[in-house]
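Results of the structural survey
So you can see what is in the structure, the chains are spelled out below.
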Amino acid sequence: MHTTARLRRLLLFPFQGAGRPVSFLVMGVLIQLGVLFVVSLPWLLFLPVLDPAGQLLLAVFIPFTAIVLAGPLLTEVQRGRFRTRLDVAIPSPYAGQRPRLPEWLRSRAGHRQLRYHLLDGPLLALAGSFTLLAWVVAVTATSIYLWIWLVPLDWRVDHPGYYTWAAYVTAVGLAMLHIARLSTDALSRLDTRTATVLLGPSREEQLARRVEDLTESRTGLVDAVDAERRRIERDLHDGAQQRLVSLAVNLGLAKATLTDLPEEARQVIGEAHREAKEAIEELSGLVRGLHPAVLEDRGLDAALSGIAARAPIPVRVKVDLPSRPSPTIEAVAYFVVSEALTNVVKHAEASSAEVTVERFGKTLLVVISDDGVGGAEPTGGTGLAGLAKRVASVDGTLSVDSPVGGPTVITVELPCVP
């Protein structure tokens, strides 16, 4: 029973799943034959009327020029062959864009594709032709007994030993079927690897595209986080903060009007009123830390002026922006200045500070300086490392110049694309 099953699998192996690989080879051969016909037609038409030098020039120039001009189209046709016949998707090295012919010819991807169309593709198609011929011969040899019955009866009578040699032919045909199937699979894999390398993006191009995708996704994530921060700020400002204000007002009214309450009750109301006002102040600071409404409404100049006004030391603010940057860049600049001034107050022992925000081309330059004791280091636990990470999240740079004895200058460069 097992022997019969194994023999059956052995006999059916060449035909199981062979339809798509064989059709893949057929399409490859037909494409190359079509290209050969197109490039040979002008050669055949003008060859008789040209001298030997012209014939040689025509024989070389016409095929090469035709393939070069049709290179992008041939690439798309070949990608379609791999996609429809083998379910292999070969991505475009141009990230969905279609370059013009001069750009295509100058690009490394265009050079790789020309190599496939001029050398590797024709050689693989030639090998595919021999493989398809092997299929035809193998199928013909395997079915030799059927073909014998088409021979006249007199011939079969005159050649009584045809059954013996027909058996040999059938055995050879079965062996060729297996060889043809193995050759088809091997040639399909080789063509797939070659086309992936030559028709698709190189490893460097894949890495560059991956970096671009990661940059876009990171930018989208930063924008989404900033938008969520603004939403939370609005919800806190319009919801919880307003309720606390209403609670504080009611407690203040109760404290002022309910004079006939026992002293203990009045003390409880007064304590609750004080805690409500402190909670409002803390919530206001939290809201400003999330995303100050003035930044969204009036921009960096007003928002940074508000930070300077609340600072316990004099802070001079100079903002020179011809137009507002994106909300994400504005938010990063605001929080960098806010955290930097907090560090100045806590650690620098400074008597004054200065903030300058200017735009030079596509760069937003933020400079925070103070006249403190200096010695600030990004690794010193003063929050500068966190600032550097926040700046880097939008492809910006942060540098600190803080010699011992001061002054300290923090320079931030942020990309600012209109």
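Right, let's walk through the structure included here. (Residues numbered from 1 in each chain as written. Predicted model: local features only at pLDDT ≥ 70, side-chain atom pairs only at ≥ 80, totals over all residues. Heavy atoms only, no water.)

For the protein, the helix and strand inventory stands at 15 helices and five strands. Partitioning the contacts of the protein with sequence separation of at least 6, the portion at a separation of at least 24 is 73%. Here the protein has roughly 24700 Å² of accessible surface; of this, 64% comes from carbon and sulfur atoms. (Helix = DSSP H or I, 4+ residues; strand = E, 2+ residues; numbered from the N terminus. Contact = heavy atoms within 4.5 Å. Areas by Shrake-Rupley, 256 points an atom, 1.4 Å probe, with all protein chains shown as cover.)

Every buried residue of helix H15 (residues 384-392) is listed here: Leu-384, Leu-387 and Val-391. End-on, the buried residues of H15 take up no more than an arc of 55°, which puts them together on one face. As for H15, its buried residues are in contact with helix H14 (327-348), strand E4 (397-401) and strand E5 (408-415). (Buried < 20%, exposed > 50% of the residue type's maximum accessible area, 1.4 Å probe, protein only. Arc of directions from axis to C-beta.)

In a regular helix each residue adds 1.5 Å, so 35 residues correspond to 51 Å; helix H6 (residues 108-142) covers 48 Å between its end C-alpha atoms and thus fits that length. At Tyr-116, H6 is deflected by roughly 45°, the largest bend along its length. (Expected span 1.5 Å × (residues − 1). Bend = angle between axes of the 7 residues up to and from the residue.)

Throughout the structure, instances matching the rule amount to seven salt bridges. Residue Asp-185 is joined to Arg-181 by a salt bridge in which the shortest nitrogen-to-oxygen separation is 3.2 Å. With a gap of four residues between them, Asp-185 and Arg-181 both fall in helix H9 (residues 162-199), about one helical turn apart. For the pair formed by Asp-185 and Arg-181, the shared burial category is buried. (Salt bridge = Lys/Arg side-chain N within 4 Å of Asp/Glu carboxyl O.)

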